[in-house]
Each structure stands twice: as C-alpha cells, then as structure tokens.
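Spelled out, the chains give:
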2 protein chains.
Amino acid sequence: MNKSPIGIFDSGIGGLTVVKAIQSALPCEQIVYFGDTARVPYGPKSQITIRKYAADDTAILMRYQPKMIIVACNTVSALALDVVEKSCGNIPVIGVLKAGATFAVQVTKNNRIGVIGTQATVSSNAYACAINALDPDIEVISQACPLFVPLAEEGFINHAATKLVAEHYLREIREQGIDTLVLGCTHYPILRQVIEETIGSGIRIIDSAEAVALKTRELLHDSGQLSRSQKASVPHLLVSDLPQKFSMLYQLFMGSEQPDVDLVEV
Amino acid sequence: MNKSPIGIFDSGIGGLTVVKAIQSALPCEQIVYFGDTARVPYGPKSQITIRKYAADDTAILMRYQPKMIIVACNTVSALALDVVEKSCGNIPVIGVLKAGATFAVQVTKNNRIGVIGTQATVSSNAYACAINALDPDIEVISQACPLFVPLAEEGFINHAATKLVAEHYLREIREQGIDTLVLGCTHYPILRQVIEETIGSGIRIIDSAEAVALKTRELLHDSGQLSRSQKASVPHLLVSDLPQKFSMLYQLFMGSEQPDVDLVEV
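Residues numbered from 1 in each chain as written. Chains lettered and ligands numbered in written order. Predicted model: local features only at pLDDT ≥ 70, side-chain atom pairs only at ≥ 80, totals over all residues. Heavy atoms only, no water.

### Details of empty space enclosed by the protein
Residues and elements named next belong to chain B.
Thinking step 1. A complete count under the given rule lists four cavities of 30 Å³ or more for this structure.
Thinking step 2. By volume, the largest cavity amounts to about 80 Å³.
Thinking step 3. Looking at the largest cavity, it is lined by 13 residues, and the ones nearest its centre are Ser 11, Thr 75, Thr 118, Cys 185 and His 187.
Thinking step 4. Across the lining of the largest cavity, the residue classes break down as five nonpolar, seven polar and one charged. (1 Å grid on protein atoms, 1.4 Å probe; cavity = no way out; pocket = protein on both sides within 12 Å on 5 of 7 lines; lining within 4 Å. Points joined across faces, edges and corners; volume = space filled by probe spheres on them. Nonpolar A, V, L, I, M, F, W, Y, C, P; charged D, E, K, R; others polar.)

Pasting the structure below:
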C-alpha cells in the first residue's frame with residue numbers, strides 16, 4: 001500500500017479524460033495533474049521541442065513524489081517517453097500510447113486498425129510500431145486530425161463545423177476496412193460522438209484513457225502499491241497558465257464543483 | 001538613410017501578412033522576422049505569459065540591431081507593447097493594433113467599428129481603448145474568433161467548415177450596423193475572402209498589416225531612415241520550432257521560392 005499520488009501530465013486539458021478514467025477505476029488514489037497550458041498544443045511541434053517540454057513537465061510532477069507517472073499526452077508518449085523515464089528515477093511510467101495500442105490489438109478481429117492523432121503522433125509512426133511489436137500481421141492505417149484539439153478546446157463539440165472537419169479527416173480511413181479505431185489523442189474522446197457518427201457503425205472505438213486506467217490498476221495491484229484510503233480524493237491540479245479557465249473547463253468536463261487550480265512556472 | 005533591418009515578430013506565421021505588406025510598401029528595406037512557432041498560439045494565453053514571451057521575442061530581434069521593431073502580433077500589441085518598448089532601448093516600436101485602430105477611425109463614416117481578434121486581444125479591450133482615445137464618440141463592437149488561427153494554420157482557407165465557423169462568430173456582429181471591420185489578428189487576412197462573404201457587402205475591411213506598412217513608411221521617411229538600397233531584399237527568417245514547415249508555408253503564402261529559415265532557441 002502506497003499513499004503517494006499518481007502523477008499525470010498533458011499539454012493542456014486533454015489529459016482530464018485520463019483523470020476521469022483513473023478516478024472511475026481507482027477512486028481511492030490521490031492524483032496530481034499538470035497541464036502545460038502556457039505551451040499547448042504540443043501536436044504541431046517538433047520532436048526536439050516536445051522532448052524538452054516532456055523533461056520540464058516530469059520535473060514539475062516529481063516535486064510531489066509520485067509513486068508513478070502517467071503520460072496522458074499521446075504526442076509525448078510517441079516522441080519522448082524515454083525522456084520521462086530518465087527524468088523520474090525508478091518509478092514506473094505508463095504512456096497512453098502503449099496502453100491504447102495493446103488494447104486495440106486485443107480487440108481487433110480482422111487485423112486492420114485505424115489510428116487518429118496529432119500531426120506529431122502520426123508522423124512519428126509510434127502507434128504502428130507499438131502495434132506491430134505486439135503483432136506484426138496487423139495493418140495500421142493512420143490519419144492526423146490537427147483541428148480536433150482546438151475544436152475540443154473551444155467547445156465546438158456538436159457543431160456542424162466539427163462534423164464537416166471530421167468528414168474531411170475520416171473520409172479516407174473509413175474506406176480502409178478497419179474494425180477498430182484508436183483515439184490516439186486524449187482530447188479526442190471529447191469529440192467521440194461526432195467521430196463515431198462519421199466513421200460509421202461496426203467500428204470499435206478505443207479510448208486510450210480507459211486503456212491506461214486498466215493498465216494502471218493492474219500495475220499498482222501487482223506491485224502492492226494500491227492506496228487503501230477510504231475516501232475519494234480531489235485531484236491536485238497544476239497548470240502553467242490560466243488556472244481560472246482550466247478550473248471552469250474542469251467543472252464542465254468532469255461535472256464537478258469548480259476546483260482550486262495552482263499556477264506553476266515552466 | 002539607414003541600412004539596418006526592420007525587425008518584425010509574431011507568435012507564428014500570421015506576421016507574414018505584415019512582411020508582405022512591408023515588402024510591397026518598402027521593397028528596399030532589409031527585414032529580420034521572428035516567429036515563435038514553439039509557443040504559438042499566444043491568443044488563448046494569459047497576460048503574464050504573453051508579456052514574458054514578448055520580452056523573449058524582442059531580445060531575439062535585438063541581436064540583429066534593427067532600426068525599428070514592428071509587433072506583428074495583435075495579442076502582444078494589445079497586452080505587452082510597453083514590454084517591447086522597454087526591452088529595445090531607444091528604437092521606435094510600431095504595433096499592428098494602434099496602426100489598425102488609427103486607420104479604422106479615418107475610414108468609418110457612421111462611427112460604428114467592428115473588431116475581430118483572439119480571445120486575449122478582445123478581452124483586453126485594447127482596440128476599443130485605442131479607437132476611443134482617438135475619437136470617444138465611436139462605438140466599438142468586438143468578437144473573439146479563436147478558431148480562425150488554427151483554421152488558417154491548417155490551410156482550411158476555402159473549406160465549408162471555415163464558412164460555418166465564420167457564420168458562428170460573425171452572426172451577431174453583422175447585426176450591429178457597423179460600416180468598418182478591423183481584422184484584429186494578423187492571421188485573419190489569410191481568411192479574408194470567407195470573412196468578407198460572411199460579414200456581407202458594404203462593410204469596409206481593415207487589414208492591420210496594410211495599416212502598419214503605411215505607418216512604417218511614414219515613420220522611416222520622417223526620421224530620414226529609409227534604406228536607399230537598390231535591390232529587393234530576401235527577409236532573414238527565424239523561428240523557434242519547425243523551420244522546414246515554416247519555409248513551406250512561407251512559399252505558399254508569399255508565392256516565392258522556398259526560403260532558408262534559421263532555428264533559434266527561446
């Protein structure tokens with residue numbers, strides 16, 4: 001048993017889909033969350049820049065002596081997971097990418113998996129590598145959807161423009177005979193309904209936030225590090241900019257009271 | 001006569017609309033341009049963060065000993081022009097915001113001016129302040145259009161989704177009886193056609209990039225600092241991330257050869 005917090009970071013609000021999934025799977029765990037809202041988005045940026053930001057984000061979480069770190073950002077999981085591992089000593093690190101890839105491999109029946117994500121994630125080919133490391137016979141078809149993050153951040157969730165953008169991005173991948181689609185960016189579950197309607201029925205959607213929560217429970221259970229606290233905890237929330245905006249979006253997205261959010265410098 | 005360059009900075013590619021206008025008005029001037037592509041966009045961020053970034057951006061341009069600095073970013077013009085002025089010694093600083101505001105005041109006939117910009121620019125109320133400092137009887141109606149920057153950056157220039165987003169943002173301001181609309185973000189001229197079609201005929205569009213070029217020519221002329229070089233110069237281009245992507249966008253947007261772009265650290 002270990003009462004230290006689980007550290008989670010993302011470039012912005014997207015990682016809250018992971019917080020929600022962790023709270024649902026592990027309601028007694030303490031969470032410390034950092035969103036790098038001063039430098040969001042990471043997706044359209046270079047590997048060098050993303051690796052620098054990943055080291056900064058890990059250092060901020062390490063001040064809170066977490067028992068493990070969850071990289072809730074697919075872009076960092078794809079391009080800088082080794083940076084996080086090197087920056088946090090011996091504690092375990094789980095990236096959303098590997099968790100989502102593993103879950104997709106378990107689910108596919110026809111061995112054709114689609115992946116949507118940011119430009120950086122898709123260009124890195126990291127999902128295809130992770131999936132093919134588990135099963136080299138699986139065909140992976142990827143598509144970058146750069147406007148999904150700003151549309152989600154601006155709350156254009158059921159807007160007709162979002163539907164048109166989804167149609168633009170998903171038209172080709174829909175014709176590829178996939179039976180599984182990985183939401184390879186933690187913002188995308190916010191647009192899940194539009195994505196599901198556009199991709200069509202009969203395709204299983206994989207939310208990597210849910211996959212990472214299952215993986216986290218397994219890891220903490222196997223290493224005897226589950227918290228035995230009896231009460232549900234309020235996450236400790238940190239951002240690098242605009243704590244008030246983050247607090248409002250948290251309230252909207254999590255359906256909770258408006259929480260305290262601390263500002264930290266990067 | 002002064003052969004030193006004109007320094008121009010923006011959060012990303014938006015300031016190229018200013019470069020284009022300066023080249024057109026002052027073809028013999030040397031330009032050094034910095035785009036902070038590692039931290040774009042500035043518009044959804046806080047005043048404290050924007051002021052820190054403005055000081056960094058100015059310091060980068062100062063290495064090239066410019067004869068003046070143009071703040072091509074409306075968000076910085078609105079929230080941190082004094083930071084730029086303090087960081088650059090005695091050389092003149094022109095912000096797109098004041099130039100655009102001055103031009104709009106000259107143009108309006110019914111004293112009702114619309115302004116569209118990023119969330120930070122609109123929340124700062126800086127356009128209304130600048131316009132009312134020139135003429136307190138003018139009514140200013142503002143509207144934030146946060147998705148216009150990512151749509152422009154992703155090249156969704158004539159896309160039906162952009163038309164719908166424009167309809168969403170401009171519906172209310174269209175009913176306000178304005179005769180002049182300021183494009184209060186240097187990205188917006190990239191979407192000018194959609195904006196014009198949506199706002200309707202009979203409304204004069206003010207591109208602050210053009211306004212700032214006129215103001216720059218006037219300033220250099222009056223202070224005897226115009227360059228007398230005979231040949232058109234290739235701008236010296238600097239970015240904080242992804243020089244290759246910037247070079248391609250430059251080529252597309254400026255209709256030129258693909259230029260060299262240098263990477264600098266912020």
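### A short note on the pattern of salt bridges
Thinking step 1. Within the structure shown, the criterion is met by 22 salt bridges over all chains.
Thinking step 2. Here B:Arg39 makes a salt bridge to B:Asp36, at a shortest N to O gap of 2.9 Å.
Thinking step 3. By relative accessible area, which is 5% here, B:Arg39 ends up buried.
Thinking step 4. Between B:Lys52 and B:Asp56 there is a salt bridge whose closest N-O contact spans 3.5 Å. Taken as a pair, B:Lys52 and B:Asp56 lie in helix α2 (residues 47-62) at a separation of four residues, close to a single helical turn.
Thinking step 5. If you follow the salt bridges from partner to partner, you end up with A:Asp36, A:Arg39, A:Lys52, A:Asp56 and A:Asp57 in one network. (Salt bridge = Lys/Arg side-chain N within 4 Å of Asp/Glu carboxyl O. Buried < 20%, exposed > 50% of the residue type's maximum accessible area, 1.4 Å probe, protein only. Helix = DSSP H or I, 4+ residues; strand = E, 2+ residues; numbered from the N terminus.)

### Notes on the packing of helix α9 (residues 160-174) of chain A against helix α9 (residues 160-174) of chain B
Thinking step 1. Closest axis-to-axis distance for the α9(A)/α9(B) pair is 8 Å, and the angle between their directions is 165 degrees. Comparing the axis directions of α9(A) and α9(B) gives the class roughly antiparallel. As α9(A) packs across α9(B), the resulting crossing turns out to be left-handed. Packed against α9(A), whose contacting residues are A:Ala160, A:Ala161, A:Leu164 and A:Val165, the element α9(B) presents B:Ala160, B:Ala161, B:Leu164 and B:Val165 at the interface.
Thinking step 2. Tallied by class, residues from the contact of α9(A) with α9(B) come to eight nonpolar, no polar and no charged. (Axes fitted to C-alpha atoms, helices over the stretch in contact; angles between N-to-C directions. Parallel < 35°, antiparallel > 145°, perpendicular 65-115°, else oblique. Left-handed = near helix turned anticlockwise from the far one by under 90°. Contact = heavy atoms within 4.5 Å.)

### Some words on helix α5 (residues 96-107) of chain A
Thinking step 1. Across its twelve residues, α5(A) extends 17 Å between first and last C-alpha, which sits within 8% of the 16 Å expected from 1.5 Å per residue.
Thinking step 2. For α5(A), the buried fraction is high: nine of the twelve residues fall into the buried class. (Expected span 1.5 Å × (residues − 1).)

### Structural notes on the side chain of B:Glu153
Residue and element names in this part refer to chain B.
Thinking step 1. Summarising the element assignment, Glu 153 is placed in helix α8 (residues 148-153).
Thinking step 2. Although Glu 153 lies buried, it forms no salt bridge, and the closest oppositely charged side chain, Lys 245, sits 5.0 Å away as judged by the N-O distance.
Thinking step 3. At 2.7 Å, the side chain of Glu 153 forms a polar contact with the side chain of His 187. (Lys, Arg positive; Asp, Glu negative; His and termini not counted. Polar contact = N/O pair within 3.5 Å; in protein donor to acceptor, adjacent residues only side chain to side chain.)

### Observations regarding the relation of the copies chain B and chain A
Thinking step 1. Mapping chain B onto chain A calls for a rotation angle of 180 degrees and an axial translation of 0.0 Å; the resulting RMSD is 0.0 Å. Here the copies are linked by what is in effect a two-fold axis. Within chain B, B:Ala161 has its C-alpha nearest the rotation axis, a separation of 2.3 Å.
Thinking step 2. In this assembly, 100% of the residues forming the interface of chain B have copies in chain A that are likewise at the interface, indicating an isologous arrangement. (Least-squares fit on C-alpha atoms with pLDDT ≥ 70 in both.)

### Thoughts on the nonpolar core
Thinking step 1. Core analysis: the largest hydrophobic core is formed by 155 residues, its most contacted members being A:Phe148 and B:Phe148.
Thinking step 2. Of the residues forming this core, the biggest block, eight residues, is contributed by α5(A).
Thinking step 3. Setting aside residues up to four positions removed in sequence, A:Phe148 forms contacts with A:Ile116, A:Val165, A:Ala166, A:Tyr169, A:Tyr188, A:Leu191 and A:Ile195.
Thinking step 4. Judged by nonpolar contacts, the second largest core, of 40 residues, contains B:Ile50, B:Ile69, B:Leu79 and B:Ala104. (Core = buried A, V, L, I, M, F, W, Y, C linked by side-chain atoms within 4.5 Å.)

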